[in-house]
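Topology and contacts: notes
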Amino acid sequence: MSSFETIHCLETWGDFACFTRPEMKIERYSYPVITPSAARGIFDSVLWKPGVCWQPTRVEILSLPRFIGLRRNEVKDKGPSEREIIAWREGKAPIQPIVADGDGETLDTDQKGRTQRQTMALKDVRYRLYAGLTSLPGGRSELRGMNEQFARRARNGQCIQQPSFGCREFPAFFRLVEPDEPMTRSPIDLTQDLGWMVYDTFDLGRINTSNAVAGVSLFRAEICNGTLDIPPYDSPLVVKPSTSSSSSSSF
């Protein structure tokens, strides 16, 4: 997954962003920079096909990370399991949506209702994201046509769904940076060791296949002169779910 036919670059920006650190439990606290999985999601929003996968390679930070505290209404209930969703789809069980404005007493259910939680988000973010398109085992091989299709769609501002910065309520805007385009804006002057960062929440080797596996992978992230270099997913620098138990002492 580490060799690419073409590396694409998107300049992205937005008013707010939140790339939640998993160790903060209930209260959301953002990393100071976009995560590889969030960057992959932005490229997926422009062009997604089964049998291929976007691999982010680099993030250039164009605006200084600034935090802002927000109070947000969230539900206390967990989302339905895969088994419950399948039962709803097949008509074997009644659909039980989570109602935000209600609780068990008013709805005559076991729902817990909503609550206010604190979010430490980022504001006025801007990045240049680099990523390449790779084929998964047994997937598509006509990457040249898909690379051309991505460039055409991104150039015209087309997307499958509105990209977002971590949360759906934080929309991300984008434009294609052409290969021969001069860079008029340099990365900010920032060097920082971020420690362990979430790389992705899926096995990228099988993400678009029928046997996709969910699992958190991690890597040691370091911003150097405003740039975050992202190792390939198959690199030993990325701690994957299958090896996390043996590497847990490193955390």
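Residues numbered from 1 in each chain as written. Predicted model: local features only at pLDDT ≥ 70, side-chain atom pairs only at ≥ 80, totals over all residues. Heavy atoms only, no water.

1. Quick word on helix 4 (residues 143-155)
An ideal rise of 1.5 Å per residue puts 18 Å on 13 residues; helix 4 measures up with 18 Å between its terminal C-alpha atoms. Here helix 4 has its buried residues at Leu143, Met146, Asn147, Phe150, Ala151, Arg153 and Ala154. Along the long axis of helix 4, the arc covered by the buried residues comes to 165°, so they all point the same way. Elements that come into contact with the buried residues of helix 4 comprise strand 1 (7-17), helix 1 (36-46), strand 3 (52-61), strand 5 (114-135) and strand 6 (173-176). Gly157, located one to two residues past helix 4, shows a positive phi value of around 75°. (Helix = DSSP H or I, 4+ residues; strand = E, 2+ residues; numbered from the N terminus. Expected span 1.5 Å × (residues − 1). Buried < 20%, exposed > 50% of the residue type's maximum accessible area, 1.4 Å probe, protein only. Arc of directions from axis to C-beta. Contact = heavy atoms within 4.5 Å.)

2. Brief notes about the packing of aromatic side chains
Under the definition given, this model contains 10 aromatic pairs. Seen from their ring centres, Phe16 and Phe170 are 6.0 Å apart, and the 40° between their planes marks the pair as tilted. Taken together, the residues Phe16 in strand 1 and Phe170 in the loop between helix 4 and strand 6 connect sequence positions 154 residues apart. Residue class for Phe16 comes out partly exposed when judged on its relative accessible area of 32%. With a relative accessible area of 6%, Phe170 lands in the buried category. Relative to Phe67, the ring of Tyr29 lies with its centre 5.6 Å away and its plane at 35°, an arrangement referred to as tilted. In this pair, Tyr29 is assigned in strand 2 (residues 28-29) and Phe67 in strand 4 (residues 67-75), connecting sequence segments 38 residues apart. Assessed through its relative accessible area of 33%, Tyr29 is described here as partly exposed. Residue class for Phe67 comes out partly exposed when judged on its relative accessible area of 33%. Sitting over the face of the ring of Tyr130, Arg58 holds its NZ or CZ atom 4.0 Å from the ring centroid. Here the guanidinium or amino end of Arg220 rests over the ring plane of Trp196, the centre of that ring lying 5.4 Å away. (Phe/Tyr/Trp six-rings, centres within 6.5 Å; stacked < 30°, edge-to-face > 60°. Lys NZ or Arg CZ within 6 Å of the ring centre and 35° of its normal.)

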